[in-house]
There are 2 protein chains.
Amino acid sequence: MIAFENNFEKLSKNDLAQKAFESLREEMESGAIGYYTLPEIGIPLLEEVKSIKTDTFTQIVVIGIGGSSLGIKAIDSMLRPANKEAKEILFFENSDPVTISSLMQRVRPEEAAFFVISKSGSTIETTSIFKTVIAHFRLELDAKDNKRVFVITDEGSDLDKFAKHYVLRAFHIPHNVGGRFSVLSAVGVVPLAFAGYNVLPILKGALGFVERFFAHKENHLLGKALFYYKNAQTTSITVLFSYADSMEQFNKWFVQLWGESLGKIDAHKRNTGFTPIGIIGAVDQHSFLQLIVEGPRDKTVTFVRVEDFGNDLRIADVSLKHLEQTNFVNNKTFAHLINEQSKAVMQSVSESGIMVDAITLDTLSEQNVGKLIVYFQLLASLVGFMSGVDTYNQNGVELGKKILYNSLSKQ
Amino acid sequence: MIAFENNFEKLSKNDLAQKAFESLREEMESGAIGYYTLPEIGIPLLEEVKSIKTDTFTQIVVIGIGGSSLGIKAIDSMLRPANKEAKEILFFENSDPVTISSLMQRVRPEEAAFFVISKSGSTIETTSIFKTVIAHFRLELDAKDNKRVFVITDEGSDLDKFAKHYVLRAFHIPHNVGGRFSVLSAVGVVPLAFAGYNVLPILKGALGFVERFFAHKENHLLGKALFYYKNAQTTSITVLFSYADSMEQFNKWFVQLWGESLGKIDAHKRNTGFTPIGIIGAVDQHSFLQLIVEGPRDKTVTFVRVEDFGNDLRIADVSLKHLEQTNFVNNKTFAHLINEQSKAVMQSVSESGIMVDAITLDTLSEQNVGKLIVYFQLLASLVGFMSGVDTYNQNGVELGKKILYNSLSKQ
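These numbers were taken from a predicted model, which means no experiment stands behind them.

**As for the overall build of chain A**
Of the regular secondary structure elements, chain A holds 14 helices and 12 strands. The C-alpha radius of gyration of chain A comes to 22 Å, within 12% of the 22 Å expected for a compact globule of 411 residues. Considered along the principal axes of its C-alpha atoms, chain A spans approximately 65 × 60 × 45 Å. Of all 411 residues assigned to chain A, the portion counted as buried reaches 64%. Long-range contacts, defined here as pairs at least 24 residues apart, represent 76% of the contacts in chain A between residues at least 6 apart. Total accessible area computed for chain A in this model is approximately 14,800 Å², and 49% of it derives from carbon and sulfur atoms. Put simply, chain A has 42 plus and 47 minus side-chain charges, and the middle of one group is 2 Å from the middle of the other.

**Some thoughts on the sheet that holds strand β6 (residues 169–173) of chain A**
All names here are of chain A. If you trace the five strands from one edge of the open sheet to the other, you get β3-β2-β4-β5-β6, paired in parallel fashion. Both outer strands of the open sheet, β3 (88–92) and β6, are each paired with one neighbouring strand and no more. Neighbouring strand axes in the sheet, compared pairwise and without regard to direction, differ in orientation by 20° on average. Note that strand β2 (residues 59–63) and strand β4 (residues 112–117) share five bridges and pair parallel. Bridge assignment links I60 to a residue of β4, and that residue is A113. Sheet strands touched by helix α6 (residues 158–166): β4, β5 (149–154) and β6. Its angle to β5, the strand with the most contacts, is close to 145°.

**Describing the relation of the copies chain B and chain A**
Under the fitted operation, chain B is carried onto chain A by 0.0 Å of movement along the axis and a turn of 180°, and the coordinates agree to an RMSD of 0.0 Å. Look at the turn and shift together and you get a two-fold axis relating the two. Nearest to the rotation axis, the C-alpha of B:I277 is located 3.8 Å from it, this being the minimum over chain B. Both copies contact each other with a shared surface, as 100% of the interface residues of chain B are interface residues in chain A too.

**Here's the deal with the domain arrangement of chain A**
Bring the parts together and some accessible area is lost; that lost area is often taken as the interface size. Residue and element names in this part refer to chain A. Domains assigned within chain A are domain 1 (2–26 + 202–387) and domain 2 (33–197). The gap between the C-alpha centroids of domain 1 and domain 2 is 29 Å. Carbon and sulfur atoms make up 72% of the area that domain 1 and domain 2 hide from each other, which totals about 2,400 Å². At the boundary of domain 1 and domain 2, one finds one salt bridge. In this structure, the connection of domain 1 to domain 2 is made through four residue pairs in polar contact (both at pLDDT 80 or more). Of all the secondary structure elements, the ones that give two or more residues to the side of domain 1 that touches domain 2 are α8 (200–216), α10 (248–262) and α13 (366–387). It is α10 that provides the largest number of residues to the side of domain 1 that touches domain 2, a total of eight residues. Taken together, the residues that form the side of domain 1 that touches domain 2 break down as 16 nonpolar, seven polar and four charged.

**Overview of the interface of chain B and chain A**
Between chain B and chain A, the contact holds 115 residues from the first and 115 residues from the second. One can count two salt bridges joining chain B with chain A. Put simply, chain B and chain A have 50 residue pairs in polar contact (both at pLDDT 80 or more) between them. The greatest single-element share of the side of chain B that touches chain A, amounting to 11 residues, is contributed by helix α12 (residues 334–351) of chain B. Its residues assigned to classes, the side of chain B that touches chain A comprises 51 nonpolar, 44 polar and 20 charged.

**Section: the nonpolar core**
In terms of nonpolar packing, the biggest core is built from 225 residues, with A:F376 and B:F376 touching the most fellow members. Once residues lying within four places of it in the same chain are set aside, the contact partners of B:F376 are B:L240, B:F250, B:W253, B:F254, B:L257 and B:I359.

**Overview of the environment of B:G370**
All names here are of chain B. Structurally, the position occupied by G370 is in helix α13 (residues 366–387). C-alpha separation for the pair G370 and P201, spaced 169 residues apart in sequence, amounts to 7.7 Å. Once you skip the residues sitting within four places of it in the chain, G370 turns out to touch I202, G205 and A206.

**As for the sheet that holds strand β12 (residues 356–363) of chain A**
All names here are of chain A. Read from one edge of the open sheet, five strands run β1-β12-β11-β7-β10, paired in mixed fashion. Of all strands in the sheet, those with a lone pairing partner are β1 (2–6) and β10 (275–280), marking the two edges. Along the sheet, successive strands turn relative to each other by an average axial angle of 15°, direction set aside.

**Notes on the pattern of salt bridges**
Residue and element names in this part refer to chain B. By the definition in use, this model includes 48 salt bridges over all chains. A salt bridge links R169 to E48, with the nearest nitrogen and oxygen atoms 3.1 Å apart. With R169 in strand β6 (residues 169–173) and E48 in helix α2 (residues 38–50), this residue pair connects regions lying 121 residues apart in the sequence. Taking relative accessible area as the criterion, R169 reaches 34% and is therefore assigned partly exposed.

**A few points about the pairing of strand β5 (residues 149–154) of chain B**
All names here are of chain B. Counting buried positions along β5 yields six of six residues, so the element is predominantly enclosed. In the classification by handedness, the crossover that spans strand β4 (residues 112–117), the intervening helix α5 (residues 124–136) and the parallel β5 is right-handed. Taken together, the five bridges between β5 and β6 define a ladder with parallel strand orientation. When the sheet's bridge partners are listed, F150 is paired in β6 with R169.

**Here's the deal with the pairing of strand β2 (residues 59–63) of chain B**
All names here are of chain B. Burial analysis of β2 places five of its five residues in the buried class, the great majority of the element. Covered by surrounding structure in β2 are Q59, V61 and I63 together with I60 and V62, the residues of both alternating faces. Across five bridges, the pairing between β2 and strand β3 (residues 88–92) is parallel. Note that in β3 the partner of V62 across the bridge is F91.

Conventions and cut-offs
In this numbering scheme, every chain counts its residues from 1 along its sequence in written order. Lettering for chains starts from A, numbering for ligands starts from 1, and both go in the order in which the items are written. Confidence filtering applies because this is a predicted model: local features only for residues at pLDDT of at least 70, side-chain atom pairs given and counted only at 80 or more, and all residues used for totals across whole chains, interfaces and linings. Processing note: side-chain calculations cover all non-hydrogen atoms of the structure and skip hydrogens and water entirely. What counts as a helix is a DSSP run of H or I of at least four residues, what counts as a strand is a run of E of at least two, and both are numbered from the N terminus. Each radius of gyration reported is based on C-alpha atoms, and the globular scaling rule is 2.2 Å times the count of residues to the power 0.38. Burial classes follow relative accessibility: with a 1.4 Å probe on protein chains only, a residue under 20% of its type's maximum area counts as buried, one over 50% as exposed, and anything between as partly exposed. By the convention used here, residues are in contact when the closest approach between their heavy atoms is within 4.5 Å. Per-residue accessibility takes into account occlusion by the displayed protein chains alone, with areas from the Shrake-Rupley method and a 1.4 Å probe. Here Asp and Glu are counted as negative and Lys and Arg as positive; His is not counted, and neither are the chain ends. Lys charges are placed at NZ, Arg charges at CZ, Asp charges at CG and Glu charges at CD. In this analysis, strands are considered paired if DSSP registers two or more bridges between them. What counts as an axis is a line fitted to C-alpha atoms, over the stretch in contact for a helix, and the angles between N-to-C directions run from 0 to 180 degrees. Residues reaching a pLDDT of at least 70 in both copies supply the C-alpha atoms on which the copies are superposed by least squares. Boundaries of every domain are those given by an automatic assignment or by a domain database. The term buried area denotes the loss of accessible surface (1.4 Å probe radius) that occurs when two parts are joined, taken as the sum for both partners. Salt bridge criterion: a side-chain nitrogen from Lys or Arg within 4 Å of a carboxyl oxygen from Asp or Glu. We define a polar contact as two N or O atoms separated by no more than 3.5 Å, with the added condition that, inside protein, one atom must be a possible hydrogen donor and the other a possible acceptor, whereas residues neighbouring each other in sequence contribute only through side-chain atom pairs. Asp, Glu, Lys and Arg are counted as charged, while Ala, Val, Leu, Ile, Met, Phe, Trp, Tyr, Cys and Pro are counted as nonpolar; the rest, among them Gly, fall into the polar class. We define the nonpolar core as a collection of buried residues of types Ala, Val, Leu, Ile, Met, Phe, Trp, Tyr and Cys that are connected through side-chain atoms lying within 4.5 Å of one another. Seen with the strands pointing away from the viewer, any crossover whose path from the first strand over the helix to the second strand runs clockwise is right-handed.

Printed below as a string of structure tokens:
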């Protein structure tokens, strides 16, 4: 169960919202944009994974960055508490030598499945780490180790050609699916299935939400998108306030989706976009809440709540001398406390004049995770269309890559 | 060594910057604000800690949230790579039952020193977790365990009275030091010293920077503060782009400092403040950079670099078929790569018309960590004065607390 609570304006015959909806349908039906249909493609892909012998692997090593790691990490973190038996996944992402060295010490090379993931195929962090891992563990790609190294990339990319050359198994990301929209493609499906997660209900949850959206329009989503668009000049900071520690990586996935999809030079050459911020409740009430309540009126806040943490730990019924004023929470579950904190803060933020909405999940189930992912992807597509930006590319990062190439190749 | 690189306007006789500087001096000299002199107070405090027998403890458990944990976590994370022998510190912060249960499984109750940290003394997350930890591990505060439970709080607070009642050792936070300015008080000094960190050079680094500031004004700091203040309406988002994974917790410490100190209703009843964002390079180049470069011109970006990671891991000199175009980085150290990435991105962001500056540390040494902390605290104080806000309190979070109390005490 996923429930939405908001006060965005009710849609009547708003032309722009209607046009945005039709544009998404057109993107899907024409095949111009592929993420809408990933949950369907994923089901036969899962069958393919089942035909691979994975039980000799006790550890999954993912070498990827950005769209090639954020979504996998998000799902792994959200589902891990209820799936403690899932295989450990190690993420090699950053070009930080301390992290790489420390992760390499944790790899069990004889028992690990290695995934090299890059849509373009030549991401500099990913290839640099991959080469270093090959050398460190003396992986023999053309011999004993070519059944433990897997590649996930676009068909025909350099990485794909590399895989063909060494006869490594490659899984493909559809060309019409961008990195930050790729988590339900092979990028997420294959490593998560290898780790032992139950991926099918994630896909089914996502599929159900996409179908529901195109069948019934989900007016609350259209209304929310329209609100963002109309108030882009005043409330351009989008805060996601998730009340569960296991959602921290989901917040980061959202930050990429929202920042990269909407942060664009638009058709009129204007710099446009929304600045995403992911924070965790209740802990960030002690860090970021003051600014929300008293700071500039430039934010909207979406609260995410999980009703059932699958954990009924209670605040001990202990009374401590001089601290008796804190006894009003004794014997309540922490799950109840954190959810009441979320509701209290949502009310206080709302009363300070800031637009808030809430998403409530009954549990962090596979189905709900699939729905949540698609919900934010659809929202990004809607707001992107309304804002008149190219939601699915990212040209702003190219200059930095060129400067890096020039500086390092000269040395 | 800490070096600052920026293009903020040079100060001549700017009255406001001069006034801000004098105001800070007045705050320090009058004793109205205490954080300036914490590094001095910390030195005898460290001596006091040395007189406590800590070698029976192999683990430090910190129960605290916000200003009572963020600074300790930041220092622990930054210094850990070079201090692998330091005792493990477990942080109980959030009211998330999954996290609390998982942390409790990692506590070795017979070998752990427990720190309960709360400035006010009645933080609901902290007291709730503390009670639950007491019950779970059957701690006997009035008997065998009263030498392993320590309290850090304001003198005279309810938590302080509680400590007196059970004859627990209490360390005090000066009344004139707010939570987010307290990391160099007992809050950080005592647990970090217990863990075996070399705290003295942290304090000395901080002390040196404070003295240098009041002796020589550090015009680059005044110029930066003035720039923020003057452009508060247009560039109100302050991005800290730190190129080292071990700085992620420092980023979070900065977010609290910046958000809570400056996010205020000012004397003219206006909502004012700067929205802090902490990101990590190079990884967040694949997440947040697109928005910076092409999105709204509402951001400034401070790059933080570490020259020497104490790790000379090199990108393996491996050439892979079809991936030869990535060979230009082969055999370079990852430290060199990540720093060149930082410089390339800084240049590309600057060329897109955004104000950038850089802070370069030669290493993540204790001295540099102390300097970095004070640098941002002084910056917050300067901008707070210029903005005409009450930098050191936080009233915006009270309503949420009241609503929570009303909802839970009725149930």
